[in-house]
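Observations on chain architecture
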Amino acid sequence: MPRRVGPEAVRTVLRTARVGLRVTPAQRRRCFGLLLAAGDVWACALDMNRWRRQRGLAPITNFQQLCRELHKAGPGAFGDLNSPCAEGVLRRYSDAWFATAKRRADGDASARFPRRKRRLLPVRFRYGSFAIDGQRLRLAVARGRLPLWVRLDRELPYPVGQIRSVTLLNEGARLFVEVTAEVPVATYAPGTEPDPGRVAGVDLGVIHPYAVAGPEGEGLLVSGRAMRAEAHLHLKDTKHRRRAVAQRAPKPGQAGSRRWRKYRARQRKLEARHKRRIKQAQHEAAEQVVQWAVERRVGTLRVGDPRGVLELKAGRRHNQRLRDWRPGYLIRCLKDKAEQAGIRVELVDERGTSSTCPSCGRRVPKPAGRRFTCMHCGFSGHRDLVGGANIARRDPGGPITTMKRNPFPVVITHRRAGRHLPGAGPSRRDPRRRPHHGTAQGSPGRPRPAPPPQWGVARPEARINQHGRPTTNVA
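The model shown is predicted, which means the values in this text are computed figures rather than measured ones. (Residues numbered from 1 in each chain as written. Predicted model: local features only at pLDDT ≥ 70, side-chain atom pairs only at ≥ 80, totals over all residues. Heavy atoms only, no water.)

Adjacent strands of a sheet form backbone hydrogen bonds with each other and so pair up, either parallel or antiparallel. Spatially, the six strands line up as an open sheet ordered β13-β12-β9-β10-β11-β16, and their pairing is mixed. Both outer strands of the open sheet, β13 (344–349) and β16 (411–416), are each paired with one neighbouring strand and no more. On average, adjacent strands in this sheet sit at an angle of 25 degrees to one another, irrespective of strand direction. Bridge analysis of strand β11 (residues 218–223) against β16 gives six bridges, and the strand direction is parallel. Paired with L221 across the two strands is H414, which belongs to β16. Of the strands in this sheet, β10 (210–213), β11, β12 (298–305) and β16 are in contact with helix α5 (residues 258–295), which crosses β11 at around 170 degrees. (Pairing = 2+ DSSP bridges. Helix = DSSP H or I, 4+ residues; strand = E, 2+ residues; numbered from the N terminus. Axes fitted to C-alpha atoms, helices over the stretch in contact; angles between N-to-C directions. Contact = heavy atoms within 4.5 Å.)

The next point concerns unusual backbone geometry. One non-glycine residue, E216, lies in positive phi territory at about 60 degrees. By secondary structure assignment, the location of E216 is in the loop between β10 and β11. When its relative accessible area of 57% is taken as the criterion, E216 is described as exposed. The backbone of R297 sits at a positive phi, close to 55 degrees, despite the residue not being glycine. The residue R297 is located in the loop between α5 and β12 in this model. (Buried < 20%, exposed > 50% of the residue type's maximum accessible area, 1.4 Å probe, protein only.)

Moving on, we come to the environment of V298. Along the polypeptide, V298 turns up in strand β12. C-alpha of V298 to C-alpha of E193: the two residues are 105 residues apart in sequence and 8.7 Å apart in space. Once residues within four sequence positions are removed from consideration, V298 is found in contact with P194, D195, R198, V199, A200, P215, A293 and I343.

Further remarks concern helix α3 (residues 83–105). Residues spaced three or four apart along an α-helix face the same direction, because each turn holds 3.6 residues. An ideal rise of 1.5 Å per residue puts 33 Å on 23 residues; α3 measures up with 33 Å between its terminal C-alpha atoms. Those residues of α3 not exposed but buried are C85, A86, V89, L90, Y93, S94, W97 and T100. Buried residues belonging to α3 abut α1 (25–54), α2 (63–71) and β3 (123–125). Capping the start of α3 is the job of one residue whose side-chain oxygen sits 3.2 Å from the backbone nitrogen of C85: N82. One or two positions beyond α3, positive phi appears at G107, with a value near 105 degrees. (Expected span 1.5 Å × (residues − 1). Polar contact = N/O pair within 3.5 Å; in protein donor to acceptor, adjacent residues only side chain to side chain.)

This part covers the environment of E178. Following the sequence through the fold, E178 ends up in strand β8 (residues 174–184). On the basis of relative accessibility, which here comes to 23%, the residue E178 falls in the partly exposed class. It is 8.8 Å that separates the C-alpha atoms of E178 and G20, two residues lying 158 residues apart in sequence. Contact partners of E178, with chain neighbours within four places excluded, come to T16, A17, R18, S165, V166, T167 and L169. One polar contact links E178 to R18, side chain to side chain, over a distance of 2.7 Å.

Turning next to the confidence of the model for the chain. In this model, the chain carries a mean pLDDT of 83, and residues with pLDDT of at least 70 account for 85%. Within the chain, no element has a lower average pLDDT than strand β1 (residues 2–5), which sits at 45, and none a higher one than β3, at 95. Counting contacts from residues 1–7, a segment whose pLDDT is below 50, to residues more than four positions away or on other chains yields 15 contacts. In this model residues 436–440 is a low-confidence stretch, pLDDT under 50, and it forms four contacts with partners more than four residues away in sequence or in other chains. (pLDDT = per-residue confidence, 0-100.)

This part is about the packing of aromatic side chains. Counted according to the given criterion, the structure contains six aromatic pairs. Seen from their ring centres, W260 and Y263 are 5.2 Å apart, and the 45 degrees between their planes marks the pair as tilted. Taken as a pair, W260 and Y263 lie in helix α5 at a separation of three residues, close to a single helical turn. One aromatic cluster is present, built from ring pairs that chain together W97, F98 and F113. Above the face of the W42 ring, R118 is positioned so that its terminal group lies 5.4 Å from the ring centre. The residue whose ring lies beneath R164 is Y127, and the NZ or CZ to ring-centre distance is 5.7 Å. (Phe/Tyr/Trp six-rings, centres within 6.5 Å; stacked < 30°, edge-to-face > 60°. Lys NZ or Arg CZ within 6 Å of the ring centre and 35° of its normal.)

This is how it looks when you write it as structure tokens:
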């Protein structure tokens, strides 16, 4: 979106960053009160239209009509929630209703109108309804209420003048704010800007979230093994916790005990932490792809869209892999960062790209490993880069062309995403397993070698003290 600055327009994009809050118990109660009040506004809209439907009346879905019904309730009906924030909830309800109506009119019978109540709903504060002073944030409340100031746990990544909205939300009983800012598109010196004629193909995968085949025989492989290991460990821990509390789980229709509610709160907290870790790793992977493209002046990224396979039923194990993969979020991360860098992203059909030889163009059975070998012409290369090279030669909505726009990558750059994950190092292992001498079953690697002997120094004698612990008797 262009923004007028002086005599010429500057291209800008909207970016969002999530920042945690450090609040006192009183501030925490007021923040959750705002989320509860927003959920009450949503529930009132649902109950009102349900009541009208039971009596044969037309539902109220127009935003202006909903606002008139809201103001009939009078001031202070929803606690600290002010009118603009409550109107934002109604705007969200109206948009969801009309989007569903459009889908049903187009023939999508699976589309459903909003009908589910939510206890907590995010609250968006538009420009002018919040104030930022360093790491302090003031949120607008209802008239006559005490002002609400909260503290951010880190500095904002955007200048204050570029921030357009702030959204209060919770995740796993923790409070966050999503800061949306209008950021200008990156500018480059003459001769270093991305060239739209330089095209790179991006193949999305589980082991390699991004495999990029670029021009001039260069490629990029971003390893996502740490993210996959994090997902496996999280699933394993979740299964272990469920087995441990399965006997004291409440029956359908019964209220859980206090111990059960504490377990559920702990489960939601761990689930939210896992999602934050995976999202951060996916953003890091997308940032590495964009940086690599900028250094090579790539102006167009053609991304193979694999979301069609998500609708196929291939068994519970494969469905679990697809759930942990989240290709739609990978595409969105890459789009946002490429748009800010001035790079265009095009989605193409990725069907058959990993099983087509980039040299002769003939179909080859999909290899079981990571190595692609053509039985017709003898070509051999990395399977994910083969998919990226074929995607680069495929126009949106068209087949794979036989013209060799980019040679197959010979110079491959390897990157790793998720270094912040616990246990991520030279090899991703379970961080809960304590290192030992390799005598137990399932030892994580080879035992460490003994230190070299020091000449002229007597070797210390190992003994067991009265508590059963080894000690070293040094003369």
